[in-house]
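The primary structure of each chain is shown beneath.
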Amino acid sequence: MPVLRNRRLWAGVAMAALALSFAGTGQASAADINNAKNAGFESGLTNWTCTAGSGTTVSSPVHSGAAALKGTPAGQDNAQCSESVAVKPNSTYTLSAWVQGGYSYLGVTGTGTTDVSTWTPDTTSWKQLSTTFTTGASTTSVSVYTHGWYGQAAYYADDISVYGPDGGGGSDPAPTVPATPTGVSVSSTTSSSVSLAWSAVSGATGYNVYQSGTKVTAVTGTSATITGLAASTSYSFQVTATNSAGESGKSTAVTGTTTATGGGGGGTLPKHAVTGYWQNFNNGATVQKLSAVSSQYDIIAVAFADATSTPGGVSFTLDSSGLGGYTVDQFKADIAAKHAAGKKVIISIGGQNGTISVSDSTSATNFANSVYSLMQTYGFDGVDIDLENGINATYMTQALRSLSSKAGSSLIITMAPQTIDMQSTSNAYFQTALNIKDILTVVNMQYYNSGTMLGCDGKVYGQGTVDFLTALACIQLQGGLSPSQVGLGLPASTSAAGSGYVSPTIVNNALDCLTAGTNCGTFKPSKTYPDLRGAMTWSTNWDAAAGSSWSNSVGAHVHALP
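Residues numbered from 1 in each chain as written. Predicted model: local features only at pLDDT ≥ 70, side-chain atom pairs only at ≥ 80, totals over all residues. Heavy atoms only, no water.

1. Section: the overall build of the protein chain
Piece 1. A tally of regular secondary structure across the protein chain gives eight helices and 31 strands.
Piece 2. Its C-alpha atoms give the protein chain principal-axis dimensions of about 85 × 50 × 45 Å.
Piece 3. Looking at the protein chain as a whole, 52% of its 562 residues are labelled buried.
Piece 4. For the protein chain, the centre of its 22 positive side-chain charges and the centre of its 28 negative side-chain charges are spaced 7 Å apart. (Helix = DSSP H or I, 4+ residues; strand = E, 2+ residues; numbered from the N terminus. Buried < 20%, exposed > 50% of the residue type's maximum accessible area, 1.4 Å probe, protein only. Lys, Arg positive; Asp, Glu negative; His and termini not counted. Charge placed at Lys NZ, Arg CZ, Asp CG, Glu CD.)

Structure follows, in structure tokens:
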């Protein structure tokens, strides 16, 4: 978060459009089969060839069975995986696949007529791609392929199908009704939700979750969160596995009990809030004690915690000498005074030089335990995730849920991803935010030190404009976050960031555009979001150095939002 950090700059995005050509007609017959071999990747990469070692099989996520293909683009390689499939001449086939993750493409070459392909942008859940092709008079085999896109996240593919007349190459066996799920357990609870997890079932394409015998949701993965529950109440849950052949029996019932108090993911914050980072170091900005931080700030993020020698562990050391002799006792007293004034003070993890890594269950546990220890020691209300060197969505989710179970529903969790981190719901930051949506307070993306980025309308926008703020915020709002979980992060002055500073007027115009549809630039969102949380700045110190012009203007505007 400090000034002039080394950042990845994205100069723009260019995507090649794929033309879809549909040739031939014809109806499926009783003899039609899926001609693809190892279509579900249950036998690893048998029958498949992937460029530059870009493909592998994984056990999660899977659309069905116990495995799926994962293709990881790198450099000039788009992670293409292909298979030669036997077909009949002069015949029509339906090519389909289930995909998830980054940009995913499906196509066929060597048809003898018109080769076809189809694609989809990133998706957080399984989506089926499908197209048709017709073989030429002498065509007896075609090459079916999947691939991702350069510089994008890994994609997953499963259950490839080349459905049509038997080409003589054989086919995979038809599915059978899957077994009953085992290992069903309660992974976490809040005052209004229960999260469940279970073991994958071979051959399953989905799972149904039952609450007291009534189906309440269907998912494709091996976890689910049931929301809308009453506090301090016990609920019974069962899970079944499904595929095209049918549904399994119900699992052994498990009981989940919601916690006693509500309001998880923010405690008693105002509807519209302002977040400011407080610097625990002197870099030329105004040196402040917490007591000097403007009352316009509702959440004060103390920057930063330090990594320890324990994987995932963090600590905090007040820079007393750099802050003019500020003592730990004064610091704690100032936190208590902020609490008395209705403010929240949280510890920020990461920053430009942050080296904390949460990459397995052990480090996730260490992270949760050490952050909770800091909360108890100093009185912090929660944690801010500002890890700029990447995060692991699986284990950061585990860590934050573990912290939530310790701290309770008043826990504040904020995130400050870079713009590139929130371009796609398949990115780890976005995945983490969605994974903890029921306990997440706000995501204050950093709309600065950035290159050009895509807006939710697919157009490219440059930083420093109202459109950059609104069109990129729209991605988060349309991607699954609640409006109350979206804030606009901007530098407090030209000295606070390498690029991307905008005047408070532009910030206020963007807030008006998103909440009321007024003062927009050329981009105007399709709907308004009156519950938008507010804004964030780096930093309270740089704000003070600029005469508090940012907080006096933006803070007052945020708090005046209806």
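2. Remarks on the pattern of salt bridges
Piece 1. Applying the stated criterion across every chain yields a total of three salt bridges.
Piece 2. Of the charged contacts in the structure, one is a salt bridge between D531 and K271, with a shortest N-O distance of 3.2 Å. One end of the pair, D531, is in the loop between α6 (504-516) and β31 (534-538); the other, K271, is in the loop between β19 (254-257) and β20 (273-279), and 260 residues separate them in sequence.
Piece 3. In this structure D531 comes out as partly exposed when scored by relative accessible area, which is 40%.
Piece 4. A salt bridge links D438 to R401, with the shortest nitrogen-to-oxygen separation between them at 2.5 Å. Linking D438 in the loop between α4 (428-435) and β27 (442-446) with R401 in helix α3 (residues 393-407), this pair joins segments that are 37 residues apart in sequence. (Salt bridge = Lys/Arg side-chain N within 4 Å of Asp/Glu carboxyl O.)

3. Description of α4
Piece 1. For α4, every residue scored as buried is listed here: Y429, F430, T432 and A433. The arc that holds the buried residues of α4, viewed along the axis, is 160°, so those residues lie on one side.
Piece 2. The inward-facing, buried residues of α4 abut β25 (382-387), α3, β26 (412-415), β27 and α5 (466-478). (Arc of directions from axis to C-beta. Contact = heavy atoms within 4.5 Å.)

4. Considerations on the pairing of strand β16 (residues 223-226)
Piece 1. Burial of the side chains of β16 is restricted to one face: A224 and I226 are buried, whereas none of S223 and T225 on the reverse face is.
Piece 2. Inspection of the sheet shows strand β13 (residues 194-197) paired to β16 by four bridges, in the antiparallel sense. What sits directly across from S195, in β16, is T225. (Pairing = 2+ DSSP bridges.)

5. Side note on the sheet that holds strand β8 (residues 116-120)
Piece 1. Read from one edge of the open sheet, five strands run β2-β5-β10-β7-β8, paired in antiparallel fashion. Edge positions in the sheet fall to β2 (49-50) and β8, since each has one partner strand and no second.
Piece 2. Sheet topology note: the strand β5 (residues 81-86)/strand β10 (residues 141-147) ladder contains six bridges and is antiparallel. Paired with S84 across the two strands is S143, which belongs to β10.

6. A look at the confidence of the model for the protein chain
Piece 1. The predicted model of the protein chain averages 88 in pLDDT, with 91% of residues at 70 or higher.
Piece 2. Residue range residues 2-30 is modelled with pLDDT below 50. Its contacts to residues more than four positions away, or to other chains, number 73 contacts.
Piece 3. Scored below 50 in pLDDT, residues 261-265 shows 13 contacts in the model against residues more than four places distant or in partner chains. (pLDDT = per-residue confidence, 0-100.)

7. Brief notes about unusual backbone geometry
Piece 1. With omega at 0°, the peptide bond leading from S60 into P61 counts as cis.
Piece 2. As for its position among the elements, P61 is in the loop between β3 (55-58) and β4 (68-71).
Piece 3. Backbone geometry at F41 places phi at a positive 60°, although glycine is not the residue there.
Piece 4. Note that F41 resides in the loop between β1 (33-34) and β2.

8. Observations concerning the sheet that holds β16
What links the strands of a sheet is backbone hydrogen bonding, and the strands pair in either a parallel or an antiparallel sense.
Piece 1. If you walk across this open sheet you meet the three strands as β12-β13-β16, and the pairing is antiparallel. Both edges of this open sheet fall to β12 (185-189) and β16, since each of them pairs with a single strand only. Between one strand axis and the next, the sheet turns by 25° as a mean value, whatever way the strands run. (Axes fitted to C-alpha atoms, helices over the stretch in contact; angles between N-to-C directions.)

9. Regarding α6
Piece 1. Here α6 is 13 residues long and its end C-alpha atoms lie 18 Å apart, about the 18 Å a rise of 1.5 Å per residue gives.
Piece 2. Among the residues of α6, those classed as buried are P504, V507, N508, A510, L511, D512, C513, L514 and T515.
Piece 3. Among the structural elements, α5, β30 (486-491), β31 and α8 (549-560) are those in contact with the buried residues of α6. (Expected span 1.5 Å × (residues − 1).)

10. Some points on the pairing of β5
Walk down a regular strand and you will see the side chains alternate between the two sheet faces.
Piece 1. Bridging between β2 and β5 involves two bridges; their strand directions are antiparallel. Residue pairing across strands places T49 opposite S82, the latter belonging to β5.

11. Considering the state of the cysteines
Chemically, a disulfide is nothing more than a covalent bond linking the sulfur atoms of two cysteines.
Piece 1. What the rule picks out here adds up to three disulfides.
Piece 2. Residue pairing for C50: its cysteine sulfur links by disulfide to C81, the two sulfurs lying 2.0 Å apart. Taking the torsion about the sulfur-sulfur bond, which here is approximately 115°, the covalent link between C50 and C81 counts as right-handed. In this pair, C50 sits in strand β2 while C81 sits in strand β5, placing the two residues 31 residues apart along the sequence.
Piece 3. With a relative accessible area of 17%, C50 lands in the buried category.
Piece 4. Residue C513 pairs covalently with C520 via a disulfide, S to S 2.0 Å. Negative torsions about the S-S bond denote left-handed disulfides, and the value of about 100° found for C513 with C520 makes this one right-handed.
Piece 5. For C513, a relative accessible area of 0% gives the class buried.
Piece 6. On the basis of relative accessible area, C520 is assigned to the partly exposed category, the value being 24%.
Piece 7. When the cysteines of the protein chain that form disulfides are numbered from the N-terminus onward, they connect as 1-2, 3-4, 5-6. (Disulfide = S-S within 2.5 Å.)

12. Some points on the nonpolar core
Piece 1. W278, F331, I347, I349, F367, F380 and V383 are the most contacted members of the largest nonpolar core, which has 93 residues in total.
Piece 2. Counting residues in hydrophobic clusters, the runner-up holds 25 residues, among them A39, W48, Y93 and L129. (Core = buried A, V, L, I, M, F, W, Y, C linked by side-chain atoms within 4.5 Å.)

13. Details of the packing of α6 against α8
Piece 1. At their nearest, the axes of α6 and α8 sit 9 Å apart, and the two run at 15° to each other. Comparing their axes, α8 and α6 come out roughly parallel. As α6 runs across α8, the sense of the crossing is right-handed. Of α8, the residues touching α6 (which contributes P504, V507, N508, L511 and D512) are S549, W550, S553, V554, H557 and V558.
Piece 2. For the contact of α6 with α8, the class distribution of residues is six nonpolar, four polar and one charged. (Parallel < 35°, antiparallel > 145°, perpendicular 65-115°, else oblique. Left-handed = near helix turned anticlockwise from the far one by under 90°. Nonpolar A, V, L, I, M, F, W, Y, C, P; charged D, E, K, R; others polar.)

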